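# Chains, contacts and geometry: an overview
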Amino acid sequence: MSRFLIYTAPAQGHVLPYVPGLLELRARGHAVHVRTLPALVDTLRGLGLEASAIADEVVGIEVTDYRAESDAERLRSGQVDLVARGRFDGPDLDDAIRSFAPDAVLVDSIAYGAQIRAEASGLPRGILMPSVLPLPGAGIPPYGLGLRPGRGPLGRIRDAMLWRVVERAFGKAMLPGLNELRRASGLPAHRSPLDQYASPGVIIATTSAPIEYSRSDLPDHVHLVGSRPWDLPAERPAYLDEPGDPWVLVTCSTDYQGDEALAQTAVEALADEPVRVLVTLADAASASKVSTAGNVRVEEYVPHGQVLPDCAVVVCHGGMGIVTKALHAGVPVAVVPFGRDQPEIARRVSEAGAGVSLPAKRLTAERLRTAVRDARACAEGAQAASRALRENSDPGLFADAALTLVREASPAPTA
């Protein structure tokens with residue numbers, strides 16, 4: 001039996017995608033301890049996993065990119081905040097290692113300080129990535145811009161040039177703070193933000209086709225393990241079983257990013273459409289002025305798996321969690337990306353023919369109404385995406401990838 005320490009970022013969308021794989025690790029007889037959001041500790045313990053709360057100082061660092069007035073400033077401020085959080089999540093990982101004495105450590109991709117301390121610990125380590133890969137490769141468009149994949153020689157030239165631009169932009173935002181943390185841990189400085197993905201024993205990305213582009217040159221230590229939807233337990237609302245028009249699920253990010261305008265605009269856009277609208281506000285609840293009326297029902301939280309079987313369309317910000325849940329269920333998606341990884345995910349949805357994308361800067365009730373109608377016409381593409389996701393998603397793949405760390409670290413048997 002091996003002991004795995006899992007360190008998550010303090011965001012629900014960076015915890016729940018791992019749960020099926022972690023349960024598979026436990027089912028195979030391994031001890032799994034999850035350092036995570038305080039609100040999720042009891043839930044994970046109820047599943048049979050060990051769990052403890054991330055330090056308050058880590059949770060207290062807010063990611064403020066939603067306040068930015070330009071895309072460039074959104075990128076800069078978001079990365080600066082995440083690196084600043086590393087001053088606290090690094091020591092918090094040290095504390096977790098002392099308490100749990102793991103054989104291997106798996107750290108979330110945006111817990112930068114914890115990644116650095118995991119490297120300094122000398123333990124077998126890996127990165128957990130609950131989104132599409134931010135890695136260059138043959139035929140892969142530059143990350144973060146939401147561009148169509150390039151075609152032919154001109155496409156390759158475009159991608160090569162823009163990858164350098166993207167790498168410089170992320171480097172400018174990340175490297176000063178990141179390298180300060182690395183030097184404090186006795187580690188050499190990175191020259192590129194991509195360096196962080198070159199040295200871990202394993203990268204486990206909960207993504208797969210068609211959300212992840214086909215890659216012909218994926219490094220051996222990178223594992224695409226797919227996604228298996230998992231919701232927090234909750235009682236099924238009785239109104240979901242009442243007869244009526246199909247549902248349109250409108251959902252905001254579980255990690256606040258100022259996207260309450262999506263809910264407010266969706267209510268206006270769909271008020272006279274032949275659908276029932278369920279709005280789940282998550283962390284936008286305190287900022288939103290949306291209220292239940294007419295064909296609209298507003299809740300802070302409803303397990304999405306309970307409503308998706310009766311949905312015609314999902315309207316969302318483009319978070320990896322809700323997009324993969326929708327497509328697993330064969331429900332087309334109208335994506336309004338606000339930032340972070342969302343332009344990339346929106347592009348993958350469009351490329352798969354499983355939905356449509358509307359930039360947040362162009363969000364109006366009329367345009368969103370059109371986007372929802374266009375997304376409904378993508379039902380066949382969403383069904384095809386569902387079949388592909390199900391074929392490529394198995395918690396066993398997660399467990400297999402994690403176990404490479406302890407197998408490779410084990411001493412060779414003697415003759």
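Below or above, wherever it landed, is the structure these notes cover. Counting from 1, residues in each chain are numbered in the order their sequence is written. Side-chain atom pairs in this predicted model are given and counted only at pLDDT of 80 or more, local residue features only at pLDDT of at least 70, and totals for whole chains, interfaces and linings cover all residues. As a rule here, side-chain values cover all heavy atoms of the structure and leave hydrogens and water aside.

In this section: empty space enclosed by the protein. Each cavity reported here is a set of points on a 1 Å grid over the protein atoms alone in which a 1.4 Å probe fits but cannot get out, each pocket an open set with protein on both sides within 12 Å along at least five of seven lines, and each lining residue one with an atom within 4 Å of a point. Grid points are joined across faces, edges and corners, and a volume is the space filled by probe spheres set on the points. With the rule as written, the count across this model stands at two cavities of 30 Å³ or more. The wall of the largest cavity is formed by Tyr-112, Gln-115, Ile-116, Glu-119, Arg-125, Leu-178, Arg-182, His-190, Asp-195, Gln-196 and Ser-199. At the level of elements, α5 (112-121) and α6 (152-184) are the ones that each hand at least two residues to the lining of the largest cavity. For the lining of the largest cavity, the element with the most residues is α5, which contributes four residues. Per the convention used, a helix needs a DSSP run of H or I reaching at least four residues, while a strand needs a run of E reaching at least two, with both numbered from the N terminus.

On to a nonpolar patch on the surface, then. Patch building starts from residues that exceed 30% relative accessible area and form no salt bridge, then joins like charges within 9 Å and nonpolar side chains (Val, Leu, Ile, Met, Phe, Trp, Tyr) within 5 Å. For every accessible area listed, the method is Shrake-Rupley and the probe measures 1.4 Å; residues are considered covered only by the protein chains on display. Salt bridges, as used here, are contacts in which a Lys or Arg side-chain nitrogen is within 4 Å of a carboxyl oxygen on Asp or Glu. Residues Leu-154, Ile-157 and Met-161 make up a contiguous nonpolar surface patch of about 340 Å² in total accessible area. Residue position: Met-161 is located in helix α6.

In this scheme, strands are said to pair when DSSP sees at least two bridges between them. On the basis of which strands lie adjacent, the open sheet formed by six strands has the order β10-β9-β8-β11-β12-β13 and parallel pairing. A strand with exactly one partner marks an edge of an open sheet, and here the two such strands are β10 (296-299) and β13 (355-357). In this sheet, adjacent strand axes meet at a mean angle of 15 degrees when their direction is disregarded. Both strand β9 (residues 276-280) and β10 contribute to a ladder of four bridges, which runs parallel. Considered in β10, the bridge of Thr-280 is made with Glu-299. When checking whether two residues touch, look at their non-hydrogen atoms; a contact exists if any pair is within 4.5 Å. With axes taken as lines fitted to C-alpha atoms, and helix axes fitted only over the stretch in contact, angles between N-to-C directions fall between 0 and 180 degrees. Where helix α7 (residues 260-270) meets the sheet, it contacts β8 (247-251), β9, β10 and β11 (311-316), and its direction lies at approximately 155 degrees from that of β8. Sheet strands in contact with helix α9 (residues 320-328) are β8, β11 and β12 (333-335), and its direction is about 165 degrees off that of β11.

Turning next to the side chain of Ser-227. Inspection of the secondary structure assignment puts Ser-227 in the loop between β7 (222-224) and β8. Ignoring anything within four residues of it in the chain, the contact list for Ser-227 reads Thr-206, Thr-324, His-328 and Ser-393.

With an omega dihedral of 5 degrees, the bond running from Ala-209 to Pro-210 counts as a cis peptide bond. Locating Pro-210 in the fold gives a position in the loop between β6 (202-205) and β7. Phi at Ala-101 takes a positive value of approximately 50 degrees, unusual for a residue other than glycine. Mapped onto the elements, Ala-101 comes out in the loop between α4 (71-100) and β4 (104-108).

Before going further, it helps to spend a moment on the packing of aromatic side chains. For any two aromatic rings, the description comes down to two numbers: the centre-to-centre distance and the angle of the planes. Within 6.5 Å between ring centres, the rings of Phe, Tyr and Trp (the latter by its six-membered ring) count as paired, and their orientation is classed by plane angle as stacked under 30 degrees, edge-to-face over 60, tilted in between. According to the stated counting rule, one finds two aromatic pairs in the structure shown. Arg-3 extends its terminal NZ or CZ atom over the ring of Phe-100, reaching a point 4.1 Å from the ring centre. When the ring centre of Tyr-239 is taken as reference, the NZ or CZ atom of Arg-297 above it lies at 3.8 Å. In our convention, an over-ring charge means Lys NZ or Arg CZ found within 6 Å of a ring centre and within 35 degrees of that ring's normal.

Here we take up the sheet that holds strand β5 (residues 125-129). Pairing is parallel in the open sheet, where seven strands are placed in the order β3-β2-β1-β4-β5-β6-β7. The open sheet terminates on both sides in strands that have one partner only, identified here as β3 (50-53) and β7. Across the sheet, the mean angle separating the axes of adjacent strands is 20 degrees when strand polarity is ignored. With four bridges joining them, β4 and β5 adopt parallel strand pairing. Within the sheet, the bridge partner assigned to Leu-106 lies in β5 and is Gly-126. Strands β1 (3-7) and β2 (31-36) of the sheet are contacted by helix α1 (residues 19-27), whose axis makes an angle of about 150 degrees with β2. Contacts from α4 reach β1, β2, β3 and β4, with the element oriented near 160 degrees to β1.

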